[in-house]
Amino acid sequence: MFDAGSTKDGTMNNTPIISINSLSKNFEVNSSIFIKSKMTVKAIDNLDLNINKGEILGLVGESGCGKSTLGQILLCLEKESSGTVNFHGKNILKLKAKEVRKLRSHMQMIFQDPFASLNPRNTVGTILSEPFRIHNKNLSKKEVDKLVCKLLEQVELSPDYYRRYPHEFSGGQRQRIGIARALALDPEFVVCDEAVSALDVSIQAQILNLLSELQTKHNLTYLFIAHDFNVVQYMSDRIAVMYLGRIVELVPIEKLDKNYMHPYTQGLIFSTPSLQPTNEQKFVIKGEAPSSVNPPSGCHFHPRCKYRMGICDKAVPPMVEVEKGHWIKCFIYK
Amino acid sequence: MSEVCLKVNKLKTSFSTPYGKVTAVNGLDLVLHRGEVLGLVGESGCGKSVSALSILGLINSPGVIESGQILFDGKDLLQLNNDELRKIRGKKISMIFQEPTTALNPVYKVGDQIAEAIMLHQKVGYKIALKRTLELLSLVGITSPEIRMKSYPYQLSGGMCQRVMIAMAFSCKPEILIADEPTTALDVTIQAQILSIIQKMKEIDKTAVMLISHDLGIISENADRLMIMYLGKVMETGKVSDIFNNPLHPYTRGLLGSIPKRGTHRKYNKLISIPGTVPSLINMPNGCAINNRCQYAVPGLCNKKEPDLIKYEGTHYVRCWKYQGWDNE
Amino acid sequence: MDNDKKTSADSNRSLKRFLRNKFNLIGGIIILLFLLISIFAPVISPHPPNQVNLKMSLQPPSKTNFFGTDSLGRDVFSRIIHGCSASLIVGLGSVGFSLVVGSFLGVIAGYFKGSIGIVIMRFMDALWSFPSIILALGIAASIGPGIKNIIIAIGITFIPGFARVIYSQVLIVREEVYIKAIKSLGTKTSRLIFWHVLPNSITPVIVYSSLMAAQAVIAEAGLSFLGIGVIPPRAAWGNMLRDGYIYLGVAPWVSLFPGAAIFLLVLAFNFVGDGLRDVLDVRMTQ
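> I'd like to hear about the overall build of chain B, residue by residue, with values.
The helix and strand inventory of chain B stands at 12 helices and 12 strands. At 21 Å, chain B has a C-alpha radius of gyration in line with the 20 Å of a compact globule built from 329 residues. In terms of overall dimensions, chain B has a C-alpha envelope of 70 × 50 × 45 Å along the principal axes. Taken across its 329 residues, chain B has 53% of its residues classed as buried. Summed over its atoms, the accessible surface of chain B is roughly 14,300 Å², and 52% of this surface lies on carbon and sulfur atoms. Both charge centroids of chain B, one from 39 positive and one from 30 negative side chains, sit 2 Å from each other.

Right, dumping it as structure tokens:
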């Protein structure tokens, strides 16, 4: 594994909690109802990645790069096409339905849209007692209520909200409910799939602070998926940059250096608006991300890359460790 | 300062809902100069989009513009009838929207849609309109425009569609462009491209641009002046450099502190967030709109009486008791 | 937790909202009226419904017989009052039957898509492609007349409609993020389907069922008219319509009044249908 235990951060435990090996996910798209020619979309293309215990791994990329699909496969909400995902050394992709249900108490997800991820017909109390009802059947109603109220307090919501419906809450409050639900069963690993991107800025900061506090308090491991580079960089211990189904760069946060990175990461950073208006020339990536139905040959990024060389459209660059823990998939660094 | 091309005085737009009247924009004053980019920033429900729609006269029932003036070209747009407004819309004031793919009619070719806009306002034939369309499309950075103009909207990506919208918006060399969250639905790399095209087009025609966004980063990089809105009111306004270097209003400071900055990390810099949530417009707080979320709020003043938008220095205005003098009773 | 308090407060608010609309109010009042009539039929009807008096045959409306008499001299007004229960029972019963069966099939087909879904929905299509009145006729003819059998006959013809409506709704709801979120908690599939997917898909079905209740009343009238509905001499609006049909020229009141009653009930069901949708949406309870 190219990145196993490679983060050199003294505070961090370097045992991988999740290790992903040559994971691929293909979607079959019917090009037409009449002609039986199927096109394959490679949402995830032979991906390797380790997630270490207690770290926040940021996964950043543009829409359609496969970052959400990856999160869903890790939680067995999507089926993989090939490859393995080991959780504490055990391949979870081959589990039976019953075992998967048990696994849910260890792995949870926080969803992007707080307006869509809560059942509109259930009260907050019902939504939050659902996990206990599934996994701790022998708890009495009173005990469950107590746990739910504790959860609400944990995400800084008043227990009085118990009997309200999701539509009575603002986006930020709903996201807190979503977080409370994910944390109900004390999971080890949480996928935050664009957990703050639907929120207003002032609320986004509250939720980021909350997620950060909860992570420290419960020693959680996050896969933090987002499209906003500034947010990912603020939250994460390591950043994985994804482009059309492949991870093109994996970098510990302290080694993030704009002179020493994948050209796509560089473009991504410069395209992200920042509050400090600088005089540096804005470097705009040309063109649009190609469709993953028919991705460019070789390095997927070569048609938009300003450093492209002759080899870039012929071969897929290998992942190279340019310094300890810092991996780049680009021929420049080979 | 160059010539003024739009002046809005005391604009008030409200909506009637089953739960009571909601004032989305409450006493907005705004001046737009030729060739400048004015940023309108705020969180959801602050009235930034409603302000833009009011200017174009696109407020539909149950919304109504209650009072105010919108002065453009020596006329008050609120006094014009529909026909007169239509001649201004699209020709002198044009708009681009957040969802470019839904803003284009799916059953017509994009080239024809732009050509139609040109023919509508410029009294030219189809051939000339098409020629002009071709120029516009290449101007907004669409490669091989001859082919692209024959495509239908669904065949183009979101970024392409937004380019088409920009081409259409600039087809009649408008005096004012209103861009309502033009890049919110797009990826960052495309966002950067679209924003630089808007800047370029603005330079060519010396258009005044009203850029509406929730993203302070976009505003700081693209606007000359900005207005920070909250619950239908302007809280602070001024030059971008003034506000970002010296934010006065507690709300502005909160917003700036809420955004993760490049090079900061949760381990070392906690985000300064604004407590609480944006109240719904139905339950507006008394006094200053933000007093229930403001750590400096003075009980008995801020929750009783609303401060005015007062001049701090130059073009920098702020609406806060802290700068109006606490004892100004 | 005293959830009851909340629920009753909720239903109160829903009721208020329901009654705010005039059409709902009118529809609701008419249905309530018909319900009361069918419960208290023996008390309020001036004459026994099956009392034959050939001397009084085909009398026009008068003080003693408000709606006149039929060919056997029975009081039309009393028969309408007694026939009310048959129409209501058939209308609500057949809809209830097809609602339960159709929703079950639809939700299973929609949730599992795949081969189960295909088999169920193709079967529904086949059932649907049959002209419904002929299908009902066939079923009623094979299992015999009588109220229970009519309910089954009409109910079966309605099943494909219900299944389709809920199927299309489930296809949308099953992709909702909250369903995925609940699934990620480890919920059992059966609970997921019947506790989470179904309640979120049911609203259009409820609205549809009020419209179909109206259809059922008409279908009952039709079947009775054709002679395989409610067994005479028991009064039902449909068989009354048939009885009067021959005398339409000389004694129009015999079929006119049952016809008007059918019209009124169908109208009331239609009125109520739209109102139900608003009431059933929790999101509007604020």
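Now, onward.
> Mind laying out the sheet that holds strand β5 (residues 75-76) of chain B, listing which residues take part and the relevant values?
Residues and elements named next belong to chain B. A sheet is described by the order of its strands in space; here four strands give the open sequence β2-β1-β4-β5, paired in antiparallel fashion. The sheet terminates laterally at β2 (20-33) and β5, the two strands that pair on one side only. Pairing of strand β4 (residues 63-72) with β5, which is carried by two bridges, proceeds in the antiparallel orientation. Residue pairing in the sheet places Phe72 in a bridge with Lys75 of β5. Of the strands in this sheet, β1 (4-17), β2 and β4 touch helix α1 (residues 48-55), which is tilted by about 115° from β1.

> Tell me about the sheet that holds strand β10 (residues 233-239) of chain B, and please be specific about residues and values.
Residues and elements named next belong to chain B. Within the open sheet, the eight strands sit side by side as β6-β7-β8-β3-β9-β10-β12-β11. Their pairing is mixed. Single-partner strands in this sheet number two, and they are β6 (93-96) and β11 (310-313). Between one strand and the next, the sheet's axes are offset by a mean angle of 20°, whatever the strand orientation. Relative to strand β8 (residues 208-213), strand β7 (residues 176-180) is paired through five bridges, and the arrangement is parallel. Residue pairing across strands places Asp180 opposite Ile212, the latter belonging to β8. Packed on one face of the sheet, helix α11 (residues 250-258) meets β9 (225-230) and β10 and runs near 100° to β9.

> Can you lay out a nonpolar patch on the surface for me, pointing to particular residues and giving the numbers?
Residue and element names in this part refer to chain C. A surface patch of nonpolar side chains, about 670 Å² in accessible area, is lined by Leu32, Leu35, Leu36, Ile39, Phe40, Val43 and Ile44. The set of elements that each furnish at least two residues to the nonpolar patch consists of α2 (22-39) and α3 (41-44). If you tally residues by element for the nonpolar patch, the top one is α2, at four residues. Within the secondary structure, Leu36 is located in helix α2.

> Which residues make up helix α8 (residues 188-205) of chain B, and what values go with them?
All names here are of chain B. Given a rise of 1.5 Å per residue, 18 residues ought to cover 26 Å, and the 26 Å separating the end C-alpha atoms of α8 matches this to within 8%. Among the 18 residues that make up α8, 13 are buried, leaving the element largely enclosed by the rest of the structure. Phi turns positive, to about 55°, at Lys206, one or two residues after α8.

> Let's hear about unusual backbone geometry: which residues, and what values?
Residue and element names in this part refer to chain B. We note that Lys10 has phi near 45°; this positive angle belongs to a residue other than glycine. You can see Lys10 is positioned in strand β1. Of note, the phi angle at Glu181 is positive, near 45°, even though the residue is not glycine. Along the chain, the position of Glu181 falls in the loop between β7 and α8.

> Explain the layout of surface pockets to me, using residue names and the numbers behind them.
Residues and elements named next belong to chain B. The volume enclosed by the second largest pocket comes to roughly 800 Å³. Arg89, Gly90, Ala117, Leu120 and His121 are the residues nearest the centre of the second largest pocket, which is lined by 26 residues in total. Broken down by secondary-structure element, the contributors of at least two residues to the lining of the second largest pocket are α2 (82-88), β6, α4 (110-122) and α7 (158-169). Among the elements that make up the lining of the second largest pocket, the one with the highest residue count is α4 (five residues).

> I'd love a proper account of the interface of chain B and chain A, names of residues and values included.
In this assembly, 42 residues from chain B lie in contact with 42 residues from chain A. Counting the surface lost from both chain B and chain A, the interface buries some 3,700 Å², and carbon and sulfur atoms represent 52% of this. When the buried surface of chain B facing chain A is broken down by residue, Thr189, Arg262 and Arg266 of chain B rank first, second and third, together holding 22% of it. Applying the counting criterion to the chain B and chain A interface returns three salt bridges. Note that Lys267 of chain B and Asp237 of chain A form a salt bridge whose closest N and O atoms lie 3.0 Å from each other. Between the two partners, chain B and chain A, sit 29 residue pairs in polar contact (both at pLDDT 80 or more). Mapped by element, the contributors of at least two residues to the side of chain B that touches chain A are α7, α8, α9 (216-222) and α11 of chain B. Examining the composition of the side of chain B that touches chain A, we find that six residues originate from one element, α8 of chain B, more than from any other. Grouping the amino acids of the side of chain B that touches chain A by side-chain chemistry returns 15 nonpolar, 17 polar and 10 charged.

Rules and cut-offs
Residues numbered from 1 in each chain as written. Chains lettered and ligands numbered in written order. Predicted model: local features only at pLDDT ≥ 70, side-chain atom pairs only at ≥ 80, totals over all residues. Heavy atoms only, no water. Helix = DSSP H or I, 4+ residues; strand = E, 2+ residues; numbered from the N terminus. Rg over C-alpha atoms; globule rule 2.2 N^0.38 Å. Buried < 20%, exposed > 50% of the residue type's maximum accessible area, 1.4 Å probe, protein only. Areas by Shrake-Rupley, 256 points an atom, 1.4 Å probe, with all protein chains shown as cover. Lys, Arg positive; Asp, Glu negative; His and termini not counted. Charge placed at Lys NZ, Arg CZ, Asp CG, Glu CD. Pairing = 2+ DSSP bridges. Contact = heavy atoms within 4.5 Å. Axes fitted to C-alpha atoms, helices over the stretch in contact; angles between N-to-C directions. Patch = residues over 30% accessible without salt bridge, like charges linked within 9 Å, V, L, I, M, F, W, Y side chains within 5 Å. Salt bridge = Lys/Arg side-chain N within 4 Å of Asp/Glu carboxyl O. Expected span 1.5 Å × (residues − 1). 1 Å grid on protein atoms, 1.4 Å probe; cavity = no way out; pocket = protein on both sides within 12 Å on 5 of 7 lines; lining within 4 Å. Points joined across faces, edges and corners; volume = space filled by probe spheres on them. Buried area = accessible area lost by both parts, 1.4 Å probe. Polar contact = N/O pair within 3.5 Å; in protein donor to acceptor, adjacent residues only side chain to side chain. Nonpolar A, V, L, I, M, F, W, Y, C, P; charged D, E, K, R; others polar.

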